[in-house]
Amino acid sequence: MIELEQVSYSYGEGELLSDISISLSAGSFHFLTGPSGAGKTTFLKLCYGELLPSAGYVRLFDRDVRSLTRDDVAEMRRRIGVVHQDCQFLDHLPIADNIALPLTVAGHSVRDDQSDLTELMSWVGLRSRAYALPPELSGGERQRAALARAVIMSPDVILADEPTGNLDWEMSQRLLQLLVELNKMGKTVVIATHDLALIRAAKSQVQARVLRIANRHLTVGADL
Amino acid sequence: MAQRFQLSHVMDFIIGDAQAERAVPPTGFTARLTLFAATVMAFLAVFALALSVSAGRLSERWSAELAQSATLRISAPVGQMQAQTDAAMRVLETTPGIASARLLTDDEQRALLEPWFGPDVPLESLPIPQLIEIVEADIGFDAEGLRLRLVAEAPGAVLDDHTRWRKPLAAAAARLWFLGWLSIVLIFAVMGAMITLAANAALAANAKVISVMRLVGALDSYIASAFVRRFTLRTITGAAIGMVLGVAVVLVLPAADSQGGFLSDLGFAGAGWLWPLVIPIAAGLVAFLATRSAANSTLKELR
């Protein structure tokens, strides 16, 4: 599904990631850990084509990212849902419209998909907050809304960058459960986090692999 | 079929995508700048167009009026004047390409001199040359051949086929016509530059919106269309307002009369009043191209 082969990435003259090779297969669940600034976000950006590798190959759904046109990249992103730590909402739109944004830009009529949207908002517990603007939501609500937006197109892969960074333990657990549910539906899930308690909590719920980035290299840990 | 296809695209563009429109918030100052620039430029374009159209019309009129006539002036001693006039008339009557030739009466000659000497000019006491008005047939006449014949038959006759008047008049009118169109091109170039600036400002103000839309899978064409449509419609609206104001001012300009000359003839005539309708359409085209170019270059900087 997503393959990185001997990938290196440099910002200017400094190399952030070096010689990384990994394959994220369909239906797998991964935690990506490492100290702050180690390159977790960069790794995720390579996985959805926002960054191109300085060396090596990144293949998304069997296609080299370098061969993708800009429209191909856009199409690819409809198959990869991304949850950012800062959520990246359009603050002037109600949260329901933000969640439906991937449908809108793909040319779907939100009216036609209204029942799916309502169901999705219920699933993440935001049905009563549909008309609230993003700044009016709490940190947990924003993260759940970001997850809802990431999955509304039913993508094959979900990449979450520190999705529980601003959440309390209870809310983190709830978000983790949502991601585990998605994985059980066959989605590939990658969660970048430095929250070891979250990883330990997942142990009883899902079979996951832990990837660790440190000193520019990626090491694959044992399955949980 | 192809026409219907294109028409549907135009209709889609005008109607727009309400959901896409909502995703991009309007930026107040760029909207006002675009509207203002389009209004002012369209207002100016109306005058440039009026100048160009009037110059073209004037050039045609002058050329037509002067090209179809010529004047024969006979300057001779008093004793020979009648004989040379008769000889010249005989030559003219037998020259192919001349429809008619007639002597100007004393009253007509007096009227020609009146602006300089007043109404009571004593024509009979002045050595005034005799003028003969020549009207050309459609095929025209051989002016050089006629001159040669007149030298032999009426040596005091001088043929003026108006070439020396026509050439500078036509050149002046052509320069005015060119200046009018050059002004229109410059006006639309400035309009395009201002819209590009406004579009770039709007794109910069919406950098986060664009980034989020790319993140969730929006195609460049989808993102660009929201900006392009907005700026194009704003420009057409502004240009339509400017065009109406410009036409209203042209309408109240003094009407053409024989005393006013060119300045009072500035404006449109007949179907020429439809010309200003082209201005909002051309402005919309300029806005479409300028905004699309600005949007595409901004989007290319993002992955």
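In this report, we go over the structure that sits alongside the text. (Residues numbered from 1 in each chain as written. Chains lettered and ligands numbered in written order. Predicted model: local features only at pLDDT ≥ 70, side-chain atom pairs only at ≥ 80, totals over all residues. Heavy atoms only, no water.)

### Things to note about a nonpolar patch on the surface
All names here are of chain B. There is a patch of nonpolar side chains on the surface, built from W177, F178, L179, L182 and L186 and spanning about 500 Å² of accessible area. When you line up the elements, L179 lands in helix α7 (residues 163-205). Residue classification places L179 among the partly exposed residues on the basis of a relative accessible area of 43%. (Patch = residues over 30% accessible without salt bridge, like charges linked within 9 Å, V, L, I, M, F, W, Y side chains within 5 Å. Areas by Shrake-Rupley, 256 points an atom, 1.4 Å probe, with all protein chains shown as cover. Salt bridge = Lys/Arg side-chain N within 4 Å of Asp/Glu carboxyl O. Helix = DSSP H or I, 4+ residues; strand = E, 2+ residues; numbered from the N terminus. Buried < 20%, exposed > 50% of the residue type's maximum accessible area, 1.4 Å probe, protein only.)

### Structural notes on empty space enclosed by the protein
Counted according to the given criterion, the structure contains 2 cavities of 30 Å³ or more. Its volume calculated, the largest cavity comes out at about 120 Å³. Lining of the largest cavity is provided by R77(A), R78(A), I80(A), G81(A), V82(A), P102(A), R149(A), A150(A), M153(A), P155(A), L215(B) and V216(B). Looking at the lining of the largest cavity, the elements that each hand over two or more residues are β6 (80-83) and α6 (139-151) of chain A. Here the element with the most residues in the lining of the largest cavity is β6(A); it accounts for 3 residues. Looking at side-chain class alone, the lining of the largest cavity contains 8 nonpolar, 1 polar and 3 charged residues. (1 Å grid on protein atoms, 1.4 Å probe; cavity = no way out; pocket = protein on both sides within 12 Å on 5 of 7 lines; lining within 4 Å. Points joined across faces, edges and corners; volume = space filled by probe spheres on them. Nonpolar A, V, L, I, M, F, W, Y, C, P; charged D, E, K, R; others polar.)

### So, the layout of surface pockets
All names here are of chain B. Within this model, the largest pocket holds a volume of roughly 450 Å³. In this structure, the largest pocket is lined by 13 residues; those nearest its centre are T71, L104, Q109, L112 and L131. Contributing elements (two or more residues each) for the lining of the largest pocket: β1 (69-74), α5 (106-117) and β3 (130-136). The greatest single-element share of the lining of the largest pocket, amounting to 5 residues, is contributed by α5.

### Digging into the state of the cysteines
Residues and elements named next belong to chain A. Taken as a whole and assessed by the stated rule, the structure comprises 0 disulfides over all chains. Here C47 is not cross-linked by a disulfide; its sulfur's nearest cysteine counterpart is in C87, at 20 Å. Judged by relative accessible area, C47 falls into the buried class, the value being 0%. (Disulfide = S-S within 2.5 Å.)

### Things to note about the packing of helix α9 (residues 220-251) of chain B against helix α10 (residues 278-300) of chain B
Residues and elements named next belong to chain B. The interhelical angle for the contact between α9 and α10, taken along N-to-C directions, is 150°, at an axis separation of 8 Å. Taken together, the axis directions place α9 and α10 in an arrangement best described as roughly antiparallel. The two elements α9 and α10 meet at a crossing, and its hand is right-handed. Residues D220, I223, A224, F227, V228, F231, T232, T235, I236, A239, A240 and M243 of α9 touch α10, and the partners they reach there are P280, A283, G284, A287, F288, T291, R292, A295, N296 and L299. Taken together, the residues that form the contact of α9 with α10 break down as 15 nonpolar, 5 polar and 2 charged. (Axes fitted to C-alpha atoms, helices over the stretch in contact; angles between N-to-C directions. Parallel < 35°, antiparallel > 145°, perpendicular 65-115°, else oblique. Left-handed = near helix turned anticlockwise from the far one by under 90°. Contact = heavy atoms within 4.5 Å.)

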